[in-house]
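A closer look at the structure
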Amino acid sequence: MTPETTPASSARKTRVRIAPSPTGDPHVGTAYIGLLNYLFAKQRGGEFVLRIEDTDRTRFVASSEQMIFDALHWVGLEWNEGPDVGGPFGPYRQSERTEIYREYCDKLLQSGHAYRAFETAEELEAERKAQLAAKLPPRYTGRSRNLSPEEVQAELAAGKPFTIRLKVPSEGSMTFRDELRGDITFEYTNVDDQVLMKSDGFPTYHLANVVDDHLMGITDVIRAEEWISSTPKHVLLYKGFGWEMPKFWHMPLLRNVDKSKISKRKNPVSLNYYKDSGYLPNAMLNFLGLMGGGMAQPTEQEIVSKGLNTKEGDIFSLAEMTERFDFSRISLGGPVFDLVKLKWLNGEYIRKLTPEEFFAEMRKTVFSDEYLRAIAPLVQNRLETLGGFGDMTSFLFSDNVMPAETTWLPKKRTVEETLAFAGELLGVLEKAEWEASAIEAAMKQLGEEQQWSVKENFMLLRAILTGSTQSPPLMESLIVFGKARSLDRVRRFIDAQKKVRR
Ligand code: GLU
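Residues numbered from 1 in each chain as written. Predicted model: local features only at pLDDT ≥ 70, side-chain atom pairs only at ≥ 80, totals over all residues. Heavy atoms only, no water.

On to the overall build of the protein. Across its full length, the protein carries 21 helices and nine strands. The dimensions of the protein, computed from C-alpha atoms along their principal axes, are 80 × 65 × 45 Å. Taking all 502 residues of the protein together, the buried fraction comes to 49%. Considering only intrachain contacts with a sequence separation of at least 6, the fraction spanning at least 24 residues in the protein is 77%. When the accessible area of the protein is evaluated, it comes to approximately 24,500 Å², of which 52% is carbon and sulfur surface. Counting 65 positive and 70 negative side-chain charges, the protein places the averaged centre of each group 3 Å from the other. (Helix = DSSP H or I, 4+ residues; strand = E, 2+ residues; numbered from the N terminus. Buried < 20%, exposed > 50% of the residue type's maximum accessible area, 1.4 Å probe, protein only. Contact = heavy atoms within 4.5 Å. Areas by Shrake-Rupley, 256 points an atom, 1.4 Å probe, with all protein chains shown as cover. Lys, Arg positive; Asp, Glu negative; His and termini not counted. Charge placed at Lys NZ, Arg CZ, Asp CG, Glu CD.)

Dropping the structure here:
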């Protein structure tokens, strides 16, 4: 079942892809790279493919794939091929392609570009520890590389499990071209003999990614900078298979305002957060399009003829971005994901709406029937008049909620230990499946570990979420408010408290 449907290499039609892994909430970085791929394809009359890279079963989150589709649709990106829309190079979900990877991995074994490695997990761990103790970078030393065919047969006959590894040359260096950076050289001594196929028969990212990019006729790999260090392995795979290489474009990573790599510790990174908090999708997409400097600012003449003010020079629709975005302008200094700027931009978009459109946007998001319907049962039994609804639920309609210290600080706890506990709580909530019993169990477990009573523990979160000691039921409120916004509220509480104490 080898689908050799790759288009002829000459005069190839531009084909690009994003390949997100369904490991949790849809990330702003996926929309950023998605937008760049979309613009690249559109500008060249090419095709934009969405592939789901779900081979890492340990990190797989079932609801994640649908959330990726929904979030990308929300910002307004459409793809030509993908698991949901089909296409001639499918399946587009890697878990449905495992046979293909096995077949290709066998080819590498036969041609000597890969080998079976029989070391056990314990042996590898012991090796790693020894290297760390000797202050050496941990890497596989390739002991199985030089087994004779007879030795391999003996191991196989003994039923020993094995992985398949890439045979990286032991000396010398390699150079590949990055379209934004020029030539990049790696010494082979810094490239590990990457596992291509795990002992359970599942491929790793590297093998599946290269096989699919080839079989799906991808001409240009446009992805985040963090994959540069994987590229030497990918190049070796292309060479091992004897395949034509795509062009590589590694985009500058999004950064927090302090220039560190964007992280959920400092910024909400889930697209769900922005959607649920009432950011407008076209403002979000516009903002992402400004990252990296690829958007040419309007000329003096345009500013005058269109009557733009200087700031409005940053406002672009998707169609305008398609027209003007210039990949040769991209600057490699990390683009800053600046929430202040995003909020400003969003405000500009809100002001451009007609009153009717504004009302419609409110009703689609923060005042949707769906949201109100979910909230109503939380308060029905507690209300004396319908007019009290707002008093009881304002925390579900607010962006800023900051409880007074008397509300959140348990009697027998210090500020320091309470903030430390809140930090632990944030970690636990991040990992929890957003479902009442799962959240409750995870919180109780943390409470037991840290010796916090259920009362102290739940009161703290209640205060952070609602700003008050009295509220509708906590678990239900968390569910209705949503994971992304609840996490953000806890994070902002901790940040704010730390700031006032600095
Ligand atoms: N699955 C990788 C990711 O999650 C894809 C990286 C690439 O584009 O090669 O980002």
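With that settled, the discussion passes to the pattern of salt bridges. One side chain can pair with another of opposite charge once the charged atoms of both are near each other. Summed over all chains, the structure comprises 35 salt bridges. Between E81 and R15 there is a salt bridge, with the nearest N and O atoms lying 2.7 Å from each other. Within this pair, whereas E81 is found in the loop between α2 (64–75) and α3 (98–110), its partner R15 is found in strand β1 (residues 15–18), the two being separated by 66 residues in sequence. Across the pair, R15 and E81 agree in class, each one buried. R501 is paired through a salt bridge with E405; the nearest N and O atoms lie 2.7 Å apart. Placement of R501 in helix α21 (residues 483–501) and of E405 in helix α16 (residues 405–408) is noted, with a sequence separation of 96 residues between them. Of the residues examined, R501 reaches a relative accessible area of 33% and is grouped as partly exposed. (Salt bridge = Lys/Arg side-chain N within 4 Å of Asp/Glu carboxyl O.)

Here we take up the sheet that holds strand β4 (residues 163–166). Taking strand neighbours across the sheet as the criterion, the three strands line up as β3-β4-β7 in an open arrangement whose pairing is antiparallel. Edge positions in the sheet fall to β3 (114–117) and β7 (195–197), since each of these pairs with one other strand and no more. Ignoring which end each strand starts from, the neighbouring axes of this sheet average 45° apart. Two elements, β3 and β4, share four bridges in a ladder whose sense is antiparallel. Residue pairing in the sheet places A117 in a bridge with T163 of β4. (Pairing = 2+ DSSP bridges. Axes fitted to C-alpha atoms, helices over the stretch in contact; angles between N-to-C directions.)

The next subject is the site of the ligand. Inspection of the region around the ligand gives R17, A19, S21, E53, Y205, N209, R223 and W227 as its neighbouring residues. The side chain of R17 places a nitrogen or oxygen atom 2.6 Å from an oxygen atom of the ligand. Split into classes, the residues belonging to the shell around the ligand amount to three nonpolar, two polar and three charged. (Near = heavy atom within 4 Å. Polar contact = N/O pair within 3.5 Å; in protein donor to acceptor, adjacent residues only side chain to side chain. Nonpolar A, V, L, I, M, F, W, Y, C, P; charged D, E, K, R; others polar.)

Turning our attention to the side chain of T163. Positionally, T163 belongs in strand β4. Residue classification places T163 among the buried residues on the basis of a relative accessible area of 18%. In contact with T163, not counting residues within four places along its chain, are Y115, R116, A117, V195, M197, K198 and S199.

This part covers the side chain of D213. With respect to the helices, strands and loops of the structure, D213 is situated in helix α6 (residues 205–215). For D213, the contacting residues outside a window of four places in its chain are R17, R51, I218, V221 and Y238.

With that settled, the discussion passes to the nonpolar core. With 58 residues, the main nonpolar core has V28, M251, Y274, M284, F327 and F337 as its most contacted residues. F89, V210, I228 and W243 belong to the second largest nonpolar core, which has 37 residues in total. (Core = buried A, V, L, I, M, F, W, Y, C linked by side-chain atoms within 4.5 Å.)

When we look at a pair of aromatic rings, we describe it by the centre distance and by the angle of the planes. All told, the structure shown has 22 aromatic pairs when counted by the stated rule. Ring geometry for F241 against W243: centres 4.1 Å apart, planes inclined by 15°, an arrangement best described as stacked. Judged by relative accessible area, which is 14%, F241 ranks as buried. Ring pairing ties together the aromatic residues Y273, Y274, Y279, F287 and F337, which thus form one cluster. Directly above the aromatic system of F162 lies the positively charged group of R116, at a separation of 5.2 Å from the ring centroid. Across the ring face of Y140, the terminal group of R165 is positioned such that the distance to the ring centre comes to 3.7 Å. (Phe/Tyr/Trp six-rings, centres within 6.5 Å; stacked < 30°, edge-to-face > 60°. Lys NZ or Arg CZ within 6 Å of the ring centre and 35° of its normal.)

This part is about helix α18 (residues 436–450). With 15 residues, α18 ought to run about 21 Å at 1.5 Å a step, and its terminal C-alpha atoms sit 21 Å apart, in line with that. What α18 keeps buried is the set I439, M443, L446 and G447. With its buried residues spanning 100° around the axis, α18 presents them on a single face. Opposite the buried face of α18, at more than 90 degrees from it, the exposed residues are E448 and E449. Against α17 (415–431), α19 (454–466) and α20 (474–481) lie the buried residues of α18. Just downstream of α18, Q451 is the residue with a positive phi angle, here 55°. (Expected span 1.5 Å × (residues − 1). Arc of directions from axis to C-beta.)

Here β1 shows two buried faces, one formed by R15 and R17 and the other by V16 and I18. In this sheet, strand β2 (residues 47–50) lies alongside β1 in parallel orientation, the contact comprising four bridges. The partner of R17 across the bridge, within β2, is V49.

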